[in-house]
Amino acid sequence: MTTESVQQPSEAQIAVHWREEEYFYPPASFIAQANGTDPGLFDRFSLENFPECFKEYADLLDWDAYWHTTLDTSNPPFWKWFVGGRLNACVNCVDRHLPSRANQAALIWVPEPETEATAAITYRELWRRVNEFAALLKGFAGVETGDRVTFHLPMVPELPVSMLACARLGVIHSEVFGGFSGPACGGRIADSGSKILVTIDGYYRGGELIDHKAKADEAVATAREQGVEIEKVLVWRRHPGVYSSKTPMVEGRDFFVDEILPEYRDALVDPVSMPAEAPLFLMYTSGTTGKPKGCQHSTGGYLAYVAGTSKYYQDIHPDDTYWCFADIGWITGHSYIVYGPLSLGTTSVMYEGAPTYPDPGRPWRIAERLGVTTFHTAPTTIRMLRKLGPDEPAKYDYRFKHMTTVGEPIEPEVWRWYHQVVGKGQAVIVDTWWQTENGGFLGSTMPALQPMKPGSCGPGVLGIHPVIYDENGEEVPAGSGKAGNICIRNPWPGIFETIWGQPERFVQTYYAKYNRDPKSTDWLDWPYLAGDGAVQAADGYFRILGRVDDVINVAGHRLGTKELESATLTVEEIAEAAAVPVIDELRGRAVEMYVALKPGLTPAVDEIEAKVTAAIEREIGKIARPKNVWIVPDMPKTRSGKIMRRVIAAVSNFTDIGDVTTLANPEIVESIQHKVQAAKLERGQSPIELTPEQIAEIQAFGSVE
Ligand code: WTA
């Protein structure tokens, strides 16, 4: 059994002076049109009305058969929602909108090159494309209900088409973020046991047509090494008819989708009516141990949850032009570009490329041209746009009514820029806290009913009852100023069902810590452990401090220290490696690698740095590229030989190193500190002023070791 425990926030995290921010209130114009204006909603979703309250979300969907049991707790913590119910996710996102809005755009796709035309895909056209690709998957690729199919696709409309085609067939899709490397994709193929890989020849990013098909060959090779053979690689082409990759197509294995699709022209495929608890998709994410976890999301519970939260928290109306500027390769895109918005029948915008290409005015030009009403992105993008184009939003004539931030804590100054400059003081902001595992939002404010507070996500959302526990399982009261582990008291329909193929790890990682009785079938005995540190203000709003396990959140992407370290250890000269987060002005957190070389080696520093960077890019992807690589004579270690990541994290962040007297080699710390900090100053990376939250995070990092 894998053990993944979450360590306690350090003493220093306790009793820090948390500055309270002021409230901001929604404008009357927003309230007048909002979906959630009835304060009675909070009562309807109170714990007393649990779990039946979630019928309200499930009723937003069309069911083929109604459920008989709202929540089945007989096999805890493997909760089952809406048992007995049957539905098809594709029908709910596409077919059911045809009578009322066949010719409304379901998706508007904005290619990165501004010379290329924007493509609007109506609900009817989407229905056609999804049916045709589903027919191809079934007829040509031979997939069957329950099979897994891996996608390695960037932000092109073929991605939602492929997802919905799988959903139509009851096939479980597993999309791997396009920016991940071939080997990273291959590992996920092997874990899920997919026989089919769907990819594309290339896509535009930062002005370049990237050769993406090359990664498919590496992915197939890695999967094979891990015992899984891909039978067919289906290659969409960015420009149908023109192949833009340099890698040859493999005879009998690789096929151009645009060459086969004509055989399925106008084909219709009957949607498969799926049990509510049937898996809809897998989404891999990082945890404390090396192997990424395939989070298994259900059909009925998941779709109900994303529809409900899209309605009340994203305030989505069918006539909105809704733009979630995230990547569908992450959970945010699955839930809030594809499944949530389309289930509500709105128009969802997708943008192919980089936020600042060709200049930092690009997002606002898109917003102006398309008349975007609702805008959703991550703090890292906001920070970048603020830094590179602080005055750009004012130059464009758009008007957002609603904006979202997701994925990382947002600094109050950045929040204020988002509010005043991007939102022009007229848009509400929801700061949505949640995770890949959760399906949809956990903490946020209901925009017309609860004021915003910069830097805090807000209270639990409808039907979500968070609590902060200390190490002993005692509740940390609101307003105490103390931080602890944020947990959710109750199950909810969007919670993932298990880790694909690793049920023990699922129980161990998320439930074991605060479970009161492993035999209990009372859900109250099974609080869900999120793995984040948090503090709750007297008003009930939560401030999320960040991960308390060994996960580094780089620009909103979760990277496991173990994954970074094992990639680094593929470099022959390296004996030991440790990854730590460093607070970064733009990316939130960046990765720094500490490495110790095998004895007797004295290779050039630059050479080692380059090799480590290349290894990480190859094994994981460019997003994980380290900011610095430090060669050290030895790592600070406990007497039992564990690397003390918290100590080197303090060095990298110029924070207090704390007590190191219990280390096996305390003398090493000073020399590392001296060397690394001097080198940082030389590289122009001078210390930045950290908030109490950031200091607390660094001090707590990795002390599980
Ligand atoms: C962090 C992304 C502060 C948190 C949806 C969580 C946040 C991890 C917020 C999950 C937020 C997410 N404020 N921190 N609004 N949203 N996080 O799985 O540490 O990619 O555990 O899901 O991101 O990242 P994931």
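As the structure is a prediction and not an experimental result, all values here were calculated from the model.

What exactly am I supposed to notice about the overall build of the protein here?
Along the protein, the regular secondary structure elements total 21 helices and 30 strands. Its C-alpha radius of gyration of 24 Å places the protein within 12% of the 27 Å reference for a compact globule of 705 residues. Dimensions along the principal axes, computed over C-alpha positions, put the protein at roughly 70 × 60 × 60 Å. Buried positions account for 64% of the 705 residues belonging to the protein. Here the analysis covers contacts within the protein between residues at least 6 apart in sequence; of these, 73% occur between residues at least 24 apart. Put simply, the protein shows about 24700 Å² of open surface, and 51% of that area lies on carbon and sulfur atoms. The average position of the 66 basic charges and that of the 92 acidic charges among the side chains of the protein differ by 2 Å.

What am I meant to see in unusual backbone geometry here?
Backbone phi values are negative for most residues with the exception of glycine, while trans is the configuration of most peptide bonds. With an omega of 0 degrees, the peptide bond between Phe-50 and Pro-51 qualifies as cis. By secondary structure assignment, the location of Pro-51 is in the loop between helix H2 (40-44) and helix H3 (55-58). In this structure, Pro-77 follows Pro-76 across a cis peptide bond, with omega equal to -5 degrees. Relative to the elements of secondary structure, Pro-77 occurs in the loop between strand E1 (69-72) and strand E2 (80-83). We note that Ala-555 has phi near 50 degrees; this positive angle belongs to a residue other than glycine. Mapped onto the elements, Ala-555 comes out in the loop between strand E26 (551-554) and strand E27 (557-560). Exposure remark for Ala-555: the relative accessible area of 16% places this residue in the buried category.

Mind showing me how you'd approach the nonpolar core here?
Taken as a class, soluble globular proteins show a tendency for nonpolar side chains to be buried jointly. Core analysis: the biggest nonpolar cluster contains 114 residues, and Phe-54, Leu-126, Phe-133 and Tyr-339 have the highest contact counts within it. It is helix H6 (residues 123-139) that provides the largest number of residues to this core, a total of nine residues. Apart from residues lying up to four places away in sequence, Phe-133 is in contact with Val-161, Ser-162, Ala-165, Val-198, Leu-234, Trp-236, Val-257 and Leu-261. Counting residues in hydrophobic clusters, the runner-up holds 66 residues, among them Val-220, Ala-578, Ile-623 and Met-644.

I tried to follow the sheet that holds strand E6 (residues 148-151) on my own but got confused; where do I start?
What holds strands together in a sheet is hydrogen bonding between their backbones, with the strands either parallel or antiparallel. With respect to topology, eight strands assemble into an open sheet ordered E12-E11-E8-E6-E7-E14-E15-E23, the strand pairing being mixed. Sheet topology places strand E12 (254-256) and strand E23 (498-499) at the edges, where each strand pairs with a single neighbour. Pairing of strand E14 (residues 279-285) with strand E15 (residues 293-298) involves six bridges; the strand directions are antiparallel. Residue pairing for E15: Phe-281 is matched across the bridge by His-297. Across the sheet, helix H9 (residues 213-225) lies against strand E8 (196-200), strand E11 (232-236) and E12, angled at about 160 degrees from E8, the strand it touches most.

What is the right way to read the packing of H6 against helix H7 (residues 158-169) from this model?
To characterise two packed helices, one gives the angle between the axes of the helices and the distance between these axes. As a packed pair, H6 and H7 sit with axes 8 Å apart at the nearest point and diverge in direction by 65 degrees. With respect to the hand of their crossing, H6 and H7 are arranged in right-handed fashion. For the pair formed by H6 and H7, the contact residues are Leu-126, Trp-127, Arg-129, Val-130, Asn-131, Phe-133, Ala-134, Leu-137 and Lys-138 on the first element and Val-161, Ser-162, Leu-164, Ala-165, Cys-166, Arg-168 and Leu-169 on the second.

Which parts of the structure should I look at to understand the packing of aromatic side chains?
In this description, a pair of aromatic rings is defined by centroid distance and the angle of the planes. Going through the model one piece at a time under the given rule, you end up with 50 aromatic pairs. Judged by centre distance (4.1 Å) and plane angle (15 degrees), the rings of Tyr-336 and Phe-441 are stacked. In this pair, Tyr-336 sits in helix H12 (residues 331-343) while Phe-441 sits in the loop between strand E20 (428-432) and strand E21 (466-469), placing the two residues 105 residues apart along the sequence. According to the relative accessible area criterion, Tyr-336 is buried, its value standing at 0%. A ring pair is formed by Trp-364 and Tyr-398, whose centres lie 5.8 Å apart and whose planes are at 25 degrees; its orientation type is stacked. Taken together, the residues span a long stretch of sequence, with Trp-364 in helix H13 (residues 362-370) and Tyr-398 in the loop between helix H14 (379-388) and strand E19 (402-406) at a distance of 34 residues. Relative accessible area serves as the criterion here: at 5%, Tyr-398 is assigned to the buried category. One aromatic cluster in this structure is built from Phe-45, Phe-50, Phe-54, Tyr-57, Trp-63, Tyr-66, Trp-67, Trp-81, Phe-82, Tyr-305, Tyr-312 and Trp-523.

Where do I start with the sheet that holds strand E25 (residues 542-547) in this structure?
A sheet is described by the order of its strands in space; here four strands give the open sequence E21-E22-E24-E25, paired in antiparallel fashion. Every interior strand has two partners, whereas the edge strands, E21 and E25, have only one. Pairwise comparison of adjacent strand axes, ignoring direction, gives a mean angle of 45 degrees for this sheet. Sheet topology note: the strand E24 (residues 528-536)/E25 ladder contains five bridges and is antiparallel. Residue pairing for E25: Ala-534 is matched across the bridge by Ile-544.

What exactly am I supposed to notice about the site of the ligand here?
Around the ligand sit 17 residues in total, of which Asp-431, Thr-436, Asp-532, Arg-547 and Arg-558 are the nearest. The separation between a nitrogen atom of the ligand and a polar side-chain atom of Asp-431 is 2.7 Å. Protein chains bury 96% of the 530 Å² of accessible surface belonging to the ligand in isolation. Among the elements of the structure, H12, E20 and E25 are those that each provide at least two residues to the shell around the ligand. A per-class count over the shell around the ligand returns six nonpolar, six polar and five charged.

For this particular structure, what's the right way to read the packing of helix H11 (residues 300-312) against H12?
Here H11 crosses H12 at 85 degrees, and the two axes come no closer than 8 Å. If you check the angle between H11 and H12, you find them roughly perpendicular. Contacts from Tyr-302, Leu-303, Val-306, Ala-307, Thr-309 and Ser-310 in H11 reach His-334, Ser-335, Tyr-336, Tyr-339, Gly-340, Pro-341 and Ser-343 in H12. Considering only residue class, the contact of H11 with H12 consists of seven nonpolar, six polar and no charged.

I tried to follow helix H8 (residues 182-192) on my own but got confused; where do I start?
Residues that lie three or four places apart on an α-helix share one face, since the helix turns once every 3.6 residues. Of all eleven residues in H8, ten are buried; the element is thus mostly enclosed. Residues of H8 that are buried include every one of Gly-182, Pro-183, Ala-184, Cys-185, Gly-186, Arg-188, Ile-189, Ala-190, Asp-191 and Ser-192, and no others. Of the surrounding secondary structure, the elements contacted by the buried residues of H8 are E6, E8, H9, E14, helix H17 (561-568) and helix H18 (605-619). Where H8 ends, the next residue or the one after it, Gly-193, has phi of about 70 degrees, a positive value.

Reading the values: rules and limits
Residues numbered from 1 in each chain as written. Predicted model: local features only at pLDDT ≥ 70, side-chain atom pairs only at ≥ 80, totals over all residues. Heavy atoms only, no water. Helix = DSSP H or I, 4+ residues; strand = E, 2+ residues; numbered from the N terminus. Rg over C-alpha atoms; globule rule 2.2 N^0.38 Å. Buried < 20%, exposed > 50% of the residue type's maximum accessible area, 1.4 Å probe, protein only. Contact = heavy atoms within 4.5 Å. Areas by Shrake-Rupley, 256 points an atom, 1.4 Å probe, with all protein chains shown as cover. Lys, Arg positive; Asp, Glu negative; His and termini not counted. Charge placed at Lys NZ, Arg CZ, Asp CG, Glu CD. Core = buried A, V, L, I, M, F, W, Y, C linked by side-chain atoms within 4.5 Å. Pairing = 2+ DSSP bridges. Axes fitted to C-alpha atoms, helices over the stretch in contact; angles between N-to-C directions. Left-handed = near helix turned anticlockwise from the far one by under 90°. Phe/Tyr/Trp six-rings, centres within 6.5 Å; stacked < 30°, edge-to-face > 60°. Near = heavy atom within 4 Å. Polar contact = N/O pair within 3.5 Å; in protein donor to acceptor, adjacent residues only side chain to side chain. Nonpolar A, V, L, I, M, F, W, Y, C, P; charged D, E, K, R; others polar. Parallel < 35°, antiparallel > 145°, perpendicular 65-115°, else oblique.

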